[in-house]
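Report on the structure
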Amino acid sequence: MLAALGFRLGQMVLVMFGISVVAFLIFFGTPGADPSARIAGRNASQETLAQVRHDFGLDRPLPVQYGLMMDRLFVSRDLTSFVNRGQLVVPTVASAIPVTLSLVGGAAVLWVLGGLVVGVIAGATHGTFIDRALMILSLVGVSVPVFWLGEVANLLTQSRWHDTWLFSWVPPLGYIALTEDPWGWFKALIIPWITLATLYVGLYGRVLRASLIEMMQEDFIRTARAKGIGERRVLLHHGLRTSLVAFVTMFGLDFGALVGGGALLTEVVFGLQGVGKLTYEALQTLDLPMILATVIYAAFFVVLANFVVDIAFAIIDPRARDVR
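Here goes a summary of the coordinates provided. These numbers were taken from a predicted model, which means no experiment stands behind them. (Residues numbered from 1 in each chain as written. Predicted model: local features only at pLDDT ≥ 70, side-chain atom pairs only at ≥ 80, totals over all residues. Heavy atoms only, no water.)

Topic: the overall build of the protein
This is how the line gets drawn: Each helix is a run of H or I in the DSSP string that is no shorter than four residues. Each strand is a run of E no shorter than two, and both are numbered from the N terminus. Each residue is placed in one exposure class: buried if its accessible area under a 1.4 Å probe, protein chains only, is under 20% of its type's maximum, exposed if it is over 50%, and partly exposed if it falls in between. By definition, residues are in contact when any of their heavy atoms lie within 4.5 Å. Under the convention used here, Asp and Glu are negative, Lys and Arg are positive, and both His and the chain ends fall outside the count. Charge placement uses NZ in Lys and CZ in Arg. For Asp and Glu, CG and CD serve respectively.
In terms of helices and strands, the protein carries 13 helices and zero strands. Along the protein, helices (α) and strands (β) appear in the sequence α-α-α-α-α-α-α-α-α-α-α-α-α when read from the amino end. Seen through its principal axes, the protein has C-alpha atoms that stretch 85 × 60 × 35 Å. Counting all 324 residues of the protein, 41% fall into the buried class. The long-range share in the protein, meaning contacts at least 24 apart out of those at least 6 apart in sequence, stands at 68%. Seen as two clouds, the 23 positive and the 22 negative side-chain charges of the protein have centres 8 Å apart.

Here we look at helix α4 (residues 62-75)
Counting along an α-helix, one turn takes 3.6 residues, and residues three or four places apart therefore face a common direction. In plain terms, the rule: How far a helix is expected to stretch is found by multiplying one less than its residue total by 1.5 Å.
The end-to-end C-alpha separation of α4 is 19 Å, in line with the 20 Å expected for 14 residues at 1.5 Å each. A positive phi of about 55° marks R77, the residue just after α4.

Points about the side chain of N154
Tracing the sequence through the fold places N154 in helix α7 (residues 146-160). Contacts of N154, omitting those with residues within four sequence positions, involve S159, L173, V269 and F270.

A word on the packing of helix α9 (residues 219-226) against helix α10 (residues 231-262)
For the record, the criterion: Only the stretch in contact is used when fitting a helix axis, every axis being a line fitted to C-alpha atoms; angles between N-to-C directions are given from 0 to 180 degrees. Under this scheme an angle from 65 to 115 degrees is roughly perpendicular, one under 35 degrees roughly parallel, and one over 145 degrees roughly antiparallel; angles in between are oblique. Helix crossings are classified by the rotation of the near helix relative to the far one: an anticlockwise turn of less than a right angle makes the crossing left-handed, while a clockwise turn makes it right-handed.
Orientation of α9 relative to α10, taken along the N-to-C sense of each, is 155°, at an axis distance of 10 Å. As judged from the angle between their axes, α9 and α10 are roughly antiparallel. Note that α9 runs across α10; the crossing there is right-handed. Along the contact surface, α9 presents F220, I221, A224 and R225, while α10 presents E231, V234, H238, G239 and T242.

Observations concerning the nonpolar core
For clarity, the cut-off: Buried Ala, Val, Leu, Ile, Met, Phe, Trp, Tyr and Cys residues form a nonpolar core when they are joined through side-chain atoms within 4.5 Å.
Ranked by internal contacts, the top residues of the largest apolar core, which has 68 residues, are F28, V93 and W111. Element by element, the count of residues in this core is highest for helix α5 (residues 89-124), at 13 residues. When residues no more than four places from it in sequence are discounted, the contact partners of F28 are P35, L58, L62, M69, F82, L288, P289 and L292.

What about the environment of L272?
Positionally, L272 belongs in the loop between α11 (264-269) and α12 (275-285). Exposure remark for L272: the relative accessible area of 0% places this residue in the buried category. Sequence separation between L272 and L189 is 83 residues; the distance between their C-alpha atoms is 9.5 Å. Among all residues touching L272, those that are not within four sequence positions of it are V99, L103, G174, Y175, L189, P192, E267 and K277.

A short note on the environment of I130
Along the polypeptide, I130 turns up in helix α6 (residues 129-143). Take I130: its relative accessible area is 45%, and that puts it in the partly exposed class. Taking the C-alpha atoms as reference, I130 lies 30 Å from L253; in sequence the two are 123 residues apart. In contact with I130, not counting residues within four places along its chain, are I121 and T125.

What to know about the packing of α5 against α10
At a minimum axis separation of 11 Å, α5 and α10 run at an interaxial angle of 150°. Comparing the axis directions of α5 and α10 gives the class roughly antiparallel. You can see that α5 and α10 cross each other, and the crossing is right-handed. Note on element contacts: α10 touches α5 through L235, L236, L240, L244, F247, F251, D254, F255, L258 and V259, opposite T100, L101, V104, G105, A108, W111, V112, G115, L116, V120 and A124.

Concerning the environment of G57
The residue G57 is located in the loop between α3 (46-56) and α4 in this model. Judged by its relative accessible area of 6%, G57 falls in the buried class. Taking C-alpha positions, G57 is 9.0 Å from M69, a pair spaced twelve residues apart along the chain. Excluding anything up to four places from it in sequence, G57 contacts Q65 and L68.

Considerations on the packing of aromatic side chains
Operational definition: Any Phe, Tyr or Trp ring, taking Trp's six-membered ring, that has another such ring centre within 6.5 Å forms a pair; planes under 30 degrees apart are called stacked, those over 60 apart edge-to-face, and the others tilted.
Under the counting rule described, the total for this entry stands at 14 aromatic pairs. Taking the centre distance of 6.3 Å and the plane angle of 65° together, the rings of Y200 and Y204 count as edge-to-face. Residue Y200 and its partner Y204 are located together in helix α8 (residues 182-215), separated by four residues, close to a single helical turn. A relative accessible area of 0% places Y204 in the buried class. Among the aromatic residues, those joined into a cluster by ring pairs are W111, Y200, Y204, F247, F251 and F255.

Section: a nonpolar patch on the surface
What counts here: A patch is a set of surface residues, each over 30% in relative accessible area and not in a salt bridge, joined within 9 Å for like charges and within 5 Å for the nonpolar side chains Val, Leu, Ile, Met, Phe, Trp and Tyr. The Shrake-Rupley method, run with a 1.4 Å probe sphere, supplies the accessible areas, and residue values consider only the shown protein chains as cover. Every case where a carboxyl oxygen of Asp or Glu lies within 4 Å of a side-chain nitrogen of Lys or Arg is listed as a salt bridge.
Taken together, V117, I121, F129 and I130 make up a surface patch of nonpolar side chains, about 400 Å² in accessible area. Taken together, the elements giving at least two residues each to the nonpolar patch come down to α5 and α6.

Following this line, the structure appears as structure tokens:
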């Protein structure tokens, strides 16, 4: 088990290094791209461009530029935005992380619980009216775009019905820090949580149902039934545990991608200044240091999520502990 952990950890470090190199080369080493031109502004003289290149180390070989950039990003952490002069990149990204983590973390709790309930009930009632009704509702949830559902939620809770008893408790759009007002934090995020989780409840419920139905036809399930074990225990103890492998894989990848900025549309619709919205604004202005930082941040969470999934596999299935 320890060997598997060490092997996966080494893989994670190598992948992160490779991603940082690729991201740097795309944004700073692409032939024809000149970051100094964006820093100096339009119609800058050649002298100004040369001075900017020297000040930012952009006139040095690419490996040196990469080393300087990583040093300023991870060691001294004084890398500044090319667009908003003086704005430090690392503190800006760090201030956006709690917003994204709050949004995705709360939504993840809802979609995991909802996906388990939908998947287990549909799998246990396979072929009945309840199964078909749940699958239709799941399909609706998967099909509804997040931005549309969010706008409808805002229309109802912030405008049409805001003054009624039903939604008068909903605060204005924006983020309230958990440390400042825990109840306000919950009220500000409950609608975004439900909006973001709706898609994944339907998706995870359908996947778990299909996996559970397939698993219940396996020989070890028939053996368990032959031993006289009750149907409920066979379903929950034997079938569900094995079916969770696909569930855990999906959750790890989806959670990592959303924390890495994949919740952009939800953040924009509900006015949450998270990492996704920060990345979107940086792409609009081609703020290269900010883009580089958010890309590496996003890659880190995706790789970390894969690492956690590998560990979960090693716990669930001992065969996954083989490092070869």
